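Residues per chain are reported as follows:
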Amino acid sequence: VRFIPMLFLTLLLIFLALFPGVFSCCMKISDEIPKALLRRVERFEIQRADGLCHLEAVILYIESKKFCVSPWIRKLKKWMKRNKHKTQRKKPHGRKQRRAKKIKQKQRKQ
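Note that the coordinates shown come from a computational prediction; the quantities given were computed from them, not determined experimentally.

### Quick word on the state of the cysteines
Part 1: Summed over the entire model, instances satisfying the criterion amount to 2 disulfides.
Part 2: Note that Cys25 is cross-linked by a disulfide to Cys53, the S-S spacing being 1.9 Å. Taking the sign of the S-S torsion, about -70° here, the bridge from Cys25 to Cys53 comes out left-handed. Taken together, the residues span a long stretch of sequence, with Cys25 in the loop between helix 1 (3-18) and helix 2 (35-39) and Cys53 in the loop between strand 1 (43-47) and strand 2 (57-62) at a distance of 28 residues. Here Cys25 and Cys53 have matching classes, each one buried.

Dropping the structure here:
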């Protein structure tokens, strides 16, 4: 009897380790967004309808809260074009940066 909860917990932890993004997907999206809310957006991400997430959405982060909205809203599309700098970008790996810097230095010397 005590074995079943432990087995369930173990399976849950394995599932979370294998599929970490499944709980960060937007399940519902809003078809409207007020301009006042757009002004407060700190960053945004685009969710594709592939892999674990089955819904296309734009995820807006405002004061550590997450809002899922439709990527087809005209007002949002215009806002995203003007605010490309707010997208979440992956930082380049430090080792690649150093290698690129060394290559540039060698090219300058030649």
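Read on for the rest.
### Quick look at helix 3 (residues 74-82)
Part 1: Looking only at helix 3, the buried set comprises Leu76, Trp79 and Met80. Along the axis of helix 3, the buried residues cluster in a sector spanning 100°; they form a single face. Of the exposed residues in helix 3, those oriented more than 90 degrees away from the buried face are Arg74, Lys81 and Arg82.
Part 2: Of the surrounding secondary structure, the elements contacted by the buried residues of helix 3 are helix 2, strand 1, strand 2 and strand 3 (65-69).

Rules and cut-offs
- Residues numbered from 1 in each chain as written.
- Predicted model: local features only at pLDDT ≥ 70, side-chain atom pairs only at ≥ 80, totals over all residues.
- Heavy atoms only, no water.
- Disulfide = S-S within 2.5 Å.
- Helix = DSSP H or I, 4+ residues; strand = E, 2+ residues; numbered from the N terminus.
- Buried < 20%, exposed > 50% of the residue type's maximum accessible area, 1.4 Å probe, protein only.
- Arc of directions from axis to C-beta.
- Contact = heavy atoms within 4.5 Å.

On their own, these measurements won't tell you what the molecule is for.
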